[in-house]
Amino acid sequence: MLRFLRGIIPPTKLERDLALQSVLSAFATGSFLTGTAVFFTQIVGLTGAQIGLGMSAAAFVTLTLSIPLGRLSDRVGAKRLWMISAFIEALLYLAWPLASGFASFVLLLAVLACVETASRSARNVYRIEVFPRDKRVAAMAYQRAARNVGYTLGAGTAGVALGIGTREAIIAVPLITAGLLVINAVMISFLPALMRKVEVSVGTDVHVTPAALKNKGFLVLAMCNGVLSSNQVLLNVVVPLWLVERTDAPQTLLAWLFGTNTVLAVLLQVRASRGADSVNGSLRAVRWSGWAFVLSCLVLSVTHETVGWVSIVLIWIGHITITGAELWQSASDWGFTSELSDPSRMGDYQGVWGLGYQVEPIIFPALYTFLALTWGAPGWAVIAVIGVAAAIVSHPAARAAERYLAHHGSPVPATNATPSAPLETT
């Protein structure tokens, strides 16, 4: 029992504080995400096509601004930007009940997406800088497990509001989100400050590290990570549509699939992240993620021909293996960004890394849906090949990024960040 608790409860106070913050922020955003379709159609007055177009427009805006938003962390400071972004997010959610029509929807959604991108980059920089090198990946794994708990709480809260069904109850969802985000910002303000030790260079031999975009290996690796992260598209878009339209499995199975994913993410994320605190360990996690990705496609592709309990079991197995791909991909993500980012341009590198995540929702929902639902088993094979290709290319890309940092990165970390309070255990 003690070993089990160690796998889900962070060992230090700072890790527990950040895990609690993760629960709260995911609780906030999860509440709104669960009810977006109802809120945007019934309150804002949009059609499904308008919602999809607006989300695509917001995605293109954040793709364009990902790098500048990431660099803000280097200029403003990670903790300060993270806290400010959380307050601004709260204000934007308060504005949702005032939105009416397509134009205000797109404007508000684009601004919110940009603020969330800046917040995510700042949060990631903070997490890398505040923990010792050997603690980073494990700490991030605890926080991701905590976020799954928060999303579950948020979905439950939104479910109550949607169950009531009145206009007032639906409008209450973004207001609840805003209130939770205010508390979240206050929690961030109480986190330990980063005590920066900046190396001051004088004379003519001043070492200035190049912008992250010039690290081509890191850029390619970010794109490969974006492809591997498309396991989320399989989980949330393709598998539900495939189940409903191409199999005889009951639709109620979807609830059990999402529940299984959440439970496994909470229980196994820390374990899946072990060993991913180096480039070699991250590449090993990439290989595991790639194999799980392929196995999922193989298993799911045959459920079009199966019936009854065979379909149910195979779909469940396929969903579990996608969850494995998700857990290992997340672990490799943290290892790569921790080990292959220039310490003097941490925010800049986070901005470049975010490009992969910005491209993923633009390309893969439509592509994977078309391949699976139109081509069937051959389409699933193509999806598997895409995942394998990303896993394979990740290896030379990571090595290229390593070589680039060895020649062009900061010779000595420009910021040696330590928390203002010790990482005491209890």
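This write-up is about the structure you can find in this document.

Rules used in this analysis
Residues numbered from 1 in each chain as written. Predicted model: local features only at pLDDT ≥ 70, side-chain atom pairs only at ≥ 80, totals over all residues. Heavy atoms only, no water. Axes fitted to C-alpha atoms, helices over the stretch in contact; angles between N-to-C directions. Helix = DSSP H or I, 4+ residues; strand = E, 2+ residues; numbered from the N terminus. Parallel < 35°, antiparallel > 145°, perpendicular 65-115°, else oblique. Left-handed = near helix turned anticlockwise from the far one by under 90°. Contact = heavy atoms within 4.5 Å. Nonpolar A, V, L, I, M, F, W, Y, C, P; charged D, E, K, R; others polar. Salt bridge = Lys/Arg side-chain N within 4 Å of Asp/Glu carboxyl O. Disulfide = S-S within 2.5 Å.

1. A word on the packing of helix 13 (residues 308-339) against helix 14 (residues 346-375)
Here is step 1 of the chain: It is at 11 Å that the axes of helix 13 and helix 14 come closest, and there the two elements cross at 155°. With respect to each other, helix 13 and helix 14 are oriented roughly antiparallel. Taken as a pair, helix 13 and helix 14 cross one another with a handedness that is right-handed. Across the interface between the two elements, Gln329, Asp333, Phe336 and Thr337 from helix 13 touch Gln350, Trp353 and Tyr357 from helix 14.
Here is step 2 of the chain: Tallied by class, residues from the contact of helix 13 with helix 14 come to three nonpolar, three polar and one charged.

2. Comments concerning the pattern of salt bridges
It is possible for side chains of opposite charge to pair when their charged atoms get near one another.
Here is step 1 of the chain: Inspection of the entire model under this criterion finds seven salt bridges.
Here is step 2 of the chain: A salt bridge links aspartate 17 to lysine 13; the nearest nitrogen and oxygen atoms lie 2.9 Å apart. With aspartate 17 and lysine 13 both in helix 2 (residues 13-34), this residue pair falls four residues apart, about one helical turn.
Here is step 3 of the chain: The shortest N-O distance in the salt bridge between glutamate 326 and arginine 144 comes to 2.6 Å. Here glutamate 326, found in helix 13, pairs with arginine 144, found in helix 7 (residues 136-164); they are 182 residues apart in sequence, far enough to count as distant.

3. Structural notes on the packing of helix 11 (residues 253-272) against helix 13
Here is step 1 of the chain: Axis separation between helix 11 and helix 13 bottoms out at 9 Å; the angle between their running directions is 35°. Crossing of helix 11 over helix 13 shows right-handed handedness. Two secondary-structure elements touch here, helix 11 through Leu253, Trp256, Leu257, Phe258, Thr260, Asn261, Leu264, Ala265, Leu268, Gln269 and Ala272 and helix 13 through Ile312, Ile315, Trp316, His319, Ile320, Thr323, Glu326, Leu327, Trp328, Ser330, Ala331 and Trp334.
Here is step 2 of the chain: Of the residues assigned to the contact of helix 11 with helix 13, the class counts are 16 nonpolar, six polar and one charged.

4. Focus on the state of the cysteines
Here is step 1 of the chain: Under the counting rule described, the total for this entry stands at zero disulfides.
Here is step 2 of the chain: Considering cysteine sulfurs only, cysteine 297 is the nearest to cysteine 224, which forms no disulfide, with 17 Å between them.

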